[in-house]
Amino acid sequence: MELDAVVLGTGLSESIVAAALSKAGYKIAHVDINPYYGGDEASLTLDELLQWAKERAESSVDSDSAYLSSQRERFTNISYTGSLPLQSRQYAVSLLPMLVPSAGPTIDSLIASGVSRYGGFKLLEKVALFDSPGVVKPVPGNKEDVFKNKQLSLLGKRRLMRFLMFAGGEFEDKPELQGSEQMPFTDFLKDKFSLKEEAVQAIAYALAFCALASDPTLPALERIRRYLRSSGRYGPSPFLVGHYGGAGEIAQGFCRTAAVAGATYVLGRQVSSIVTAPIAEKTTGKYTLNLEDLSEQLRCDLLISSPDHLPLDLQGDSSITTASTNCSFARCIAVIDRPVSFSTSESLEGSGGEDPASDMPIQDLSVDTALLVFSPSSIPIGSSTVAVNVLITGEGSMSAPRGRWILYITMPLLGDQSGGSHSPEELLRPYLDATLSLTRTSEHPESALPLVTLFYEQSPREGPENNSTEASLMLSTPPHSRYLPEVADSAARNAEVTFWRALEVLKSAGRLPGDKNSEEAVENFWPPLEYVNGEDDEW
Amino acid sequence: MLYVQKKNEDLSRGAFDLTTQMLRMNPEFYTVWNYRRHIFIQGIFPNSSPAAINELLSEDLGLTAAFLKQHPKVYWIWNHRRWCLEQVPDGPLDEDKDGWRMANWNKELFLVEKMLDVDPRNFHAWNYRRYVLASIPVRRSQVSELSYTTRKIESNFSNFSAWHQRTKVLASLWQAGELNVAQSREDELDLVKNAMYTDPDDQSVWIYHRWLIGDGDDPLLLQREIASIQELLDEQPDSKWCMESIVYYKTLLLRRHLSTMDTSVQQSLVGECFDLLSKLQYVDSNRKQRYIELSDEIKNTFL
């Protein structure tokens, strides 16, 4: 089969590139060894997740693919407990928990590509900081939250609002920032805005999602500004959570769009060999791919791949290297059958019913789709330098059956956790227990017991270090951002960079978008959407 | 054509349907609304059973609800709803005379809340809400209305309509003796202070504060509030509303309590007002002339 490009791996970044190239008119094939879409960002049912974990936990068998052995190096210290609950296929568990800001490259791509028509999203309900067992602290992220907050002093409110106005505006030239761009963000908040510890924690870890107190100021401010400007687009929260497990479902949406535009999909097949043609032979295409159990060969001038999917002998050749500065993560996925409640100290005090005449219903503080943040030192046996977050998704995000919730705990292995002497289970068990303390109610004074838990460590891909001159081979998967709301956007940004580079390579190989016979250059990442008759024209 | 029919006193169903069509095109055509009501009263009601009348009015309420979604601020639509609600006959049973009315009013309250969810600052809707609450056969408690405004203010306090509703509800609760005035005022001052510190540039908050202080009968309260605003001004030295309010309350203090004041205290109050007003001329230069006039007024009255 003659193609312009072959994309290997269906991770988020690769899928976006595949859709963009395909929509631009290029003929592409998209191949994944896995029988599902999404790669390391897939959404799996619980039984698939169990299978995924088993394959990576088993000690190596000779007949295994290069892909699986590289996966085993990257997903380590796996421990699984619990038995498969009923309806295990009604769960959509994401291998990569993430939040999508309501404004940014991911949403732009989703809308411009038309993928947004396939996927659904739920607005994140709440972000809270863990306070003590059973109790959280609200995170004042906007004017109304600050006004309602009962813990901040009046002066504290004024200072916090002044900071939020600063962070939401054009702060680049403001005197407060001059010379402090790389200062630890927590120090910046204390020094320049006279904020107290409580407010500093909320801003640094629950608004800017810093992993460490020493995270630099300028990027943290830029993140906060993006999130402040994201709020209000789809509702009060700046963040969206994808239905059916998020990242994997979005990747699949882009794949579907690519297929609609003519891309060929091959899932569950391994690339058995890639033959590079000598430069002299111009006619047949630079690369010839043989797929397992498939007689037809794929010939193309450009290969775009996630590193795991490339045979070792080609890995030295790639033109984009994955940043090895990225960190490892300890992760936990747990399924629970009682809701987590975000009770604050006031809501607990006030539960006596101070206003009997009021007809306000007793507030239901349980959450369906929300984020809990542990700032450093917030639990006694936890990390004293690293912030940990817990994404909770339930029925509302279509990722669990009614009455079940999935918890995703993520800890970047940085600061005092970078040594790696503890297993992910040892590291994260205290955080899981603390989160479960929020399931206690007067009816159930004990914490809920998880039905299933999976702990593992995820290392970054060991990308080749050398910048090869070979431009026709590209690695596209970016390092997973350590900031939960940046994961998707960094993939989308990386996809766009890869797309433009791919265009240059294809042009220099003399390949123009297929059915367009003109010399018309591709001008946009996404071509204009065709007008779809439907809900938009109801008047 | 409609004018001709109107002139000819055409009270037929055809004329009625024509008004519906016209109003669909332009719900601001008040002559048509009047004609429609005329047909109702003269042409339709005399020949209809109470149940049929109730049915027709419900239909009109449904129609106008749809209009409101598109035109939430047209007086004639709100006006027509009032008329419909007031025409609802007794029934369905003799022993349940208010049955239809209650059902309609409750629907009305629900509609108004929906309208306020969409646009919490629609003053038509707030005004209409007061009307509904006052007309409903079985009154809702004012305390629950107070907590309704609290919810609206908490979701966005830059909403003068909600604060205004609060002044109405509180005034009636205070008058009825259902709330301890002094305690309730303290609670309100605390609430409004939280809003002032959160956003000192929000005008509605300061206006509400002025309503709470009222005539300034209590010099201690005035002095305490001046001190508290001064604290905020110290933290936020460029706040126009802080400065203006301090001038306002100090002037009030002078006006109301001059007789109990030493000349030196009086002198210093006047001096402080002058200072703030000259700063205001600079901070809020668009209203420079207003501040100059205020200075002159204070000079003429107290010096």
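Basis of the calculations
- Residues numbered from 1 in each chain as written.
- Chains lettered and ligands numbered in written order.
- Predicted model: local features only at pLDDT ≥ 70, side-chain atom pairs only at ≥ 80, totals over all residues.
- Heavy atoms only, no water.
- Helix = DSSP H or I, 4+ residues; strand = E, 2+ residues; numbered from the N terminus.
- Rg over C-alpha atoms; globule rule 2.2 N^0.38 Å.
- Buried < 20%, exposed > 50% of the residue type's maximum accessible area, 1.4 Å probe, protein only.
- Pairing = 2+ DSSP bridges.
- Axes fitted to C-alpha atoms, helices over the stretch in contact; angles between N-to-C directions.
- Contact = heavy atoms within 4.5 Å.
- Buried area = accessible area lost by both parts, 1.4 Å probe.
- Salt bridge = Lys/Arg side-chain N within 4 Å of Asp/Glu carboxyl O.
- Expected span 1.5 Å × (residues − 1).
- Polar contact = N/O pair within 3.5 Å; in protein donor to acceptor, adjacent residues only side chain to side chain.
- Domains from an automatic or database assignment.

Novice: In this structure, what is going on with the overall build of chain B? I would like to understand it.
Specialist: On a plain count of helices and strands, chain B comes out with 15 helices and 0 strands. Against the 2.2 N^0.38 benchmark of 19 Å for 303 residues, chain B shows a C-alpha radius of gyration of 26 Å, more extended than a compact globule. For the C-alpha atoms alone, the extent of chain B along its principal axes is close to 80 × 45 × 35 Å. A total of 303 residues make up chain B; the buried ones form 49% of that total.

Novice: I'm lost on the sheet that holds strand β4 (residues 75-81) of chain A in this one. Help?
Specialist: Strand pairs in the sheet, formed through backbone hydrogen bonds, run parallel or antiparallel to each other. Residues and elements named next belong to chain A. The strand order across the open sheet formed by 8 strands is β4-β22-β16-β21-β20-β19-β8-β9, and the pairing between neighbours is mixed. Looking at strand neighbours, the two that pair on one side only are β4 and β9 (135-138), the edges of this open sheet. Recorded for the sheet is a direction-independent mean angle of 20° between the axes of neighbouring strands. As paired elements, β4 and strand β22 (residues 452-458) share 5 bridges and run antiparallel to each other. Residue pairing for β22: Thr-81 is matched across the bridge by Thr-453. Running over the sheet, helix α2 (residues 46-57) touches β4, β16 (329-336) and β22 and is turned about 130° from β4.

Novice: Mind showing me how you'd approach the side chain of Glu188(B) here?
Specialist: Mapped onto the elements, Glu188(B) comes out in helix α10 (residues 181-198). If sequence neighbours within four positions are ignored, Glu188(B) has contacts with Arg166(B), Leu170(B), Tyr208(B) and Leu212(B).

Novice: In this structure, what is going on with the interface of chain B and chain A? I would like to understand it.
Specialist: How big an interface is tends to be stated in terms of the accessible area lost upon association of its parts. Listed by partner, the interface residues are 23 residues for chain B and 17 residues for chain A. Looking only at chain B, the three residues that lose the most surface to chain A are Tyr197(B), Thr198(B) and Glu235(B), adding up to 33% of its buried area. Applying the counting criterion to the chain B and chain A interface returns 4 salt bridges. Here Lys143(A) ties to Asp202(B) by a salt bridge, and the two come within 3.8 Å at their closest N and O atoms.

Novice: What is the right way to read α10(B) from this model?
Specialist: Each turn of an α-helix holds 3.6 residues, which means side chains three or four residues apart point in the same direction. Between the first and last C-alpha of α10(B) there are 26 Å, a value that for 18 residues agrees with the 26 Å anticipated at 1.5 Å per step. Where α10(B) is concerned, the buried positions are Ser184(B), Glu188(B), Leu189(B), Leu191(B), Val192(B), Lys193(B), Asn194(B), Ala195(B), Met196(B), Tyr197(B) and Thr198(B). Those residues of α10(B) that are buried lie in contact with α5 (143-148) and α6 (154-168) of chain A together with α9 (160-175), α11 (203-213) and α12 (219-235) of chain B. The N-capping residue of α10(B), defined by a side-chain oxygen 3.0 Å from the backbone nitrogen of Ala182(B), is Asn180(B).

Novice: Honestly, the domain arrangement of chain B in this entry has me stumped. Any pointers?
Specialist: Residue and element names in this part refer to chain B. Under the domain assignment, chain B is made up of domain 1 (144-214) and domain 2 (222-303). The C-alpha-based centres of domain 1 and domain 2 are spaced at 24 Å. Taken together, the contact pairs 13 residues of domain 1 with 16 residues of domain 2. Counting each side, the surface lost to burial between domain 1 and domain 2 is near 1400 Å², with a carbon and sulfur contribution of 61%. The largest share of the area that domain 1 buries against domain 2 comes from Tyr-197, Trp-206 and Arg-210, three residues that together contribute 44% of it.

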